[in-house]
Amino acid sequence: MNPDRIAQAQQRFQEAFEAQMEGDYERAAELYQGAIALHPTAEAHTFLGWTYHFQGKIIEAIAECKLAIGIDPEFGNPYNDIGAYLIDLNRFDEAIPWLEQAILAKRYESRHFPFFNLGRAHLAQGLINRARTNFQRALEIEPRYTLARRALENLRRMLN
């Protein structure tokens, strides 16, 4: 692969991420697509999927995550993202295997996310003990993760 193309792709990816963080999803999507055209990576497909999610294009977001997995099956983010998107669609049974794959992925820095999302799926299914266990596990990994802490507090209030 041409080092210049890789550098250009990385530059576009960075610009896309900045546009995404500023809420300019249309521009972010275009820049991620440009980065992918230059040098496809699991990260670029995953982040393009995340951008599509913010635009309400959930099916497209899932498709991008599947492309990311095809490039690097050891990258955990797209598995978690697919699970989270399926939860948003109330497809809890379908979400769970994706989240379990995220937990097992070799290359994944934010392991608390799939545990939290598993907790969300289990809670929606009425599996309170499993939900609690997953929220607790998310907090063990990342003690400052407020969403997991709130979910546990809400669960305790619900049960009392």
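Below is a summary of the structure that appears in this document. Just so we're clear, the structure is a prediction, and the values are computed from it rather than from any experiment.

The next subject is the side chain of Gln20. With respect to the secondary-structure elements, Gln20 resides in helix α1 (residues 3-21). Owing to a relative accessible area of 2%, Gln20 belongs among the buried residues under this scheme. Aside from chain neighbours lying at most four places away, what touches Gln20 is Tyr25, Ala28, Tyr32, Phe47, Trp50, Thr51 and Phe54.

Before going further, it helps to examine the layout of surface pockets. Taken as a whole, the largest pocket spans an internal volume of roughly 380 Å³. Lining the largest pocket we find 19 residues, and of these Trp50, Asn80, Asp81, Phe113 and Asn117 sit closest to its centre. Mapped by element, the contributors of at least two residues to the lining of the largest pocket are α3 (42-54), α5 (77-88) and α7 (112-124). Among the elements that take part in the lining of the largest pocket, α5 stands out by supplying six residues, more than any other. The residue inventory of the lining of the largest pocket, partitioned by class, reads ten nonpolar, six polar and three charged.

Parameters and conventions
Residue indices follow the written sequence of each chain, beginning from 1 at its first position. Local features are withheld for residues below a pLDDT of 70 in this predicted model, meaning they are given only at 70 or higher, and side-chain atom pairs are given and counted only at 80 or more; totals for whole chains, interfaces and linings count all residues. Where side-chain values are given, they derive from all heavy atoms of the structure, hydrogens and water being excluded. The numbering of helices and of strands both runs from the N terminus, where a helix is a DSSP run of H or I of at least 4 residues and a strand a run of E of at least 2. Here's how the labels work: a residue is buried when its accessible area is under 20% of the maximum for its type, exposed when over 50%, partly exposed in between, all with a 1.4 Å probe on protein chains only. Contacts: residue pairs with any heavy atoms within 4.5 Å of one another. Grid points spaced at 1 Å over the protein atoms alone were grouped into cavities, where a 1.4 Å probe fits but cannot get out, and pockets, open sets with protein on both sides within 12 Å along at least five of seven lines, with lining residues defined by an atom within 4 Å of a point. Grid points are joined across faces, edges and corners, and a volume is the space filled by probe spheres set on the points. The classification used treats Ala, Val, Leu, Ile, Met, Phe, Trp, Tyr, Cys and Pro as nonpolar, Asp, Glu, Lys and Arg as charged, and all other residues, Gly among them, as polar.

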